[in-house]
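# Descriptive analysis of the structure
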Amino acid sequence: HVWITIGQMLDGSPYRIPLILINGKQPGPKLLVGACVHGDEVIGTEAIKTVAKSLSPDDISGWFIGAPITNIASYLSLARVDLLETPIGDNNMSGKWRTGTLQGSMTDRAAAFFRDEVISLAEYYIEIHSSAQGSFNSPRAIICGDYAEIDPVVRKRVDEIGVSCNFEVIFKPETTSWKGMYFPPSTFFEERGVAKIVLETGAAPTITDVETIREGIRNIMKQIKM
């Protein structure tokens, strides 16, 4: 369990990101599981903590990297975006992977750190989302669509984890845009050789939803032989 300091808050307290690192005794896949890209989506935080607590280096192969709170500034506000620095501009971390810098807002810095220092270590990335309090999402997984030209090895991995998560709904977009599109699909991670899946659920926050996410993580770990 480590804390990485990437800045300082205005009150002088350190801006730190927690990571849980488990290095299996046997070689194997490198899996990153991240939550709280949006600070009010806390189901993944609990799921990562409890999955990690159940793992032992003696029992797994490869690396498990848990990031239970990806966007600390947003989490401290319990809001989708970083309300502490909203006047700076758009602080939705989902749109910061390509543009974030270590000189920008706290959200920018967190995105830059994960992009350059954490995501670069992974072969697989499970990003956990959920509905905000008072709203409802049916459990669903989201994976990169076939329209995207990505490395065949990454494509194979994406499709395998999409099926193995065992969610009833698996969304795999056919094009880059469609009627009623809420946000455009991204191939940011796949372009870097990382097979990504989004696991999302919510009548937030409930223990049932935490268990749904936990099972999805465990199913994927079995599929990739961790």
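Read on for an overview of the structure. The structure presented is a predicted model; accordingly, all values stated were derived computationally and were not measured. Note on numbering: residues in each chain are counted from 1, in written sequence order. Only residues with pLDDT of 70 or above have their local features reported here, since the model is predicted, and side-chain atom pairs are shown and tallied only from 80 upward, although totals for entire chains, interfaces and linings are computed over all residues. Water and hydrogen atoms were dropped before computing side-chain values, which therefore reflect all heavy atoms in the structure.

## Overview of the packing of helix α4 (residues 152-164) against helix α6 (residues 207-223)
So the rule is basically this: Each axis is a line fitted through C-alpha atoms, taken for helices only over the stretch in contact, and angles between the N-to-C directions span 0 to 180 degrees. In DSSP terms, a helix is any run of H or I states spanning at least four residues, a strand is any run of E spanning at least two, and both are numbered starting from the N terminus. Oblique is the label for any angle not under 35 degrees, not over 145, and not in the 65 to 115 range, which are roughly parallel, roughly antiparallel and roughly perpendicular in turn. A clockwise turn of the near helix away from the far one marks a right-handed crossing, whereas an anticlockwise turn of less than a right angle marks a left-handed crossing. Throughout, a contact is declared for two residues whenever any of their heavy atoms are within 4.5 Å.
Close contact between α4 and α6 brings their axes to 8 Å; oriented N to C, the two are set at 135°. Here α6 runs oblique to α4, going by the angle between their axes. Two packed elements cross with a definite hand, and for α4 against α6 that hand is right-handed. For the pair α4 and α6, contact is made by Glu-160, Ile-161 and Ser-164 and by Asn-219, Ile-220 and Gln-223, respectively.

## A look at the environment of Val-210
If you trace the backbone, Val-210 turns up in helix α6. Along the primary structure Val-210 and Gln-8 are separated by 202 residues, whereas in three dimensions their C-alpha atoms are 31 Å apart. Discounting residues that sit within four places of it in the chain, Val-210 has contacts with Ile-43, Glu-46 and Ala-47.

## Here we look at the pairing of strand β4 (residues 61-67)
Note the following rule: When a residue's accessible area, from a 1.4 Å probe over protein chains only, is under 20% of the maximum for its type it is buried; when over 50% it is exposed; and in between it is partly exposed. Between any two strands, pairing holds if DSSP finds at least two bridges. With the strands aimed away from the viewer, a crossover counts as right-handed if its path from the first strand over the helix to the second runs clockwise.
Summarising burial for β4: six of the seven residues are buried, a large majority. Pairing of strand β2 (residues 14-23) with β4, which is carried by four bridges, proceeds in the antiparallel orientation. Looking at the pairing, Leu-21 lines up with Ile-65 of β4. As judged from the six bridges shared by strand β3 (residues 26-34) and β4, these two strands associate in the parallel manner. What sits directly across from Leu-32, in β4, is Ile-65. You can see the chain leave β3, run along helix α1 (residues 43-53) and come back into β4, and the turn it takes is right-handed.

## So, the side chain of Glu-41
Basically, it comes down to this: Two N or O atoms count as a polar contact when they lie within 3.5 Å, although within protein this holds only if one can serve as hydrogen donor and the other as acceptor, and sequence-adjacent residues are included solely when both atoms are side-chain atoms.
Tracing the backbone shows Glu-41 in the loop between β3 and α1. According to the relative accessible area criterion, Glu-41 is buried, its value standing at 6%. There is a polar contact of 3.2 Å between the side chain of Glu-41 and the backbone nitrogen of Ser-130.

## Section: the packing of α1 against α6
Between two packed helices, what matters for the description is the angle formed by their axes and the separation of those axes. Heads up, the rule is: Residue polarity is assigned by list, with Asp, Glu, Lys and Arg as charged and Ala, Val, Leu, Ile, Met, Phe, Trp, Tyr, Cys and Pro as nonpolar; anything else, Gly included, falls into the polar class.
Between α1 and α6, whose axes approach to 9 Å, the crossing angle comes to 50°. Classified by the angle between their axes, α1 and α6 sit oblique to one another. In the packing of α1 onto α6, the handedness of the crossing is right-handed. Contacts between α1 and α6 involve Ile-43, Glu-46, Ala-47, Thr-50 and Val-51 from the former and Asp-209, Val-210, Ile-213, Arg-214, Ile-217 and Met-221 from the latter. Split by residue class, the contact of α1 with α6 holds seven nonpolar, one polar and three charged.

## Regarding helix α3 (residues 106-118)
What counts here: A helix is expected to span 1.5 Å for every residue after the first.
Relative to the 18 Å expected for 13 residues at 1.5 Å per residue, α3 spans 17 Å between its end C-alpha atoms, a close match to the ideal helical length. Burial runs high along α3: 10 of the 13 residues are buried. On its buried face, α3 sits against β1 (2-8), β2, β3, β4, α2 (72-77) and α5 (188-191).

## A short note on the pairing of β1
The pairing of β1 with β2 spans six bridges and is classified as antiparallel. Counted as the bridge partner of Ile-4 is Ile-17 from β2. In this antiparallel pair of consecutive strands, β1 and β2, the connection spans five residues, and Gly-12 shows a positive phi of 95°.

## Describing the sheet that holds strand β8 (residues 195-202)
Sheet architecture is open: eight strands sit in the order β1-β2-β4-β3-β5-β8-β6-β7, paired in mixed fashion. One side of each edge strand has no neighbouring strand; the edge strands of this open sheet are β1 and β7 (169-171). Strand-to-strand, the axes of this sheet are offset by a mean angle of 20°, without reference to chain direction. Strands β3, β4, β5 (124-130), β6 (137-143) and β8 of the sheet are contacted by α6, whose axis makes an angle of about 160° with β8.

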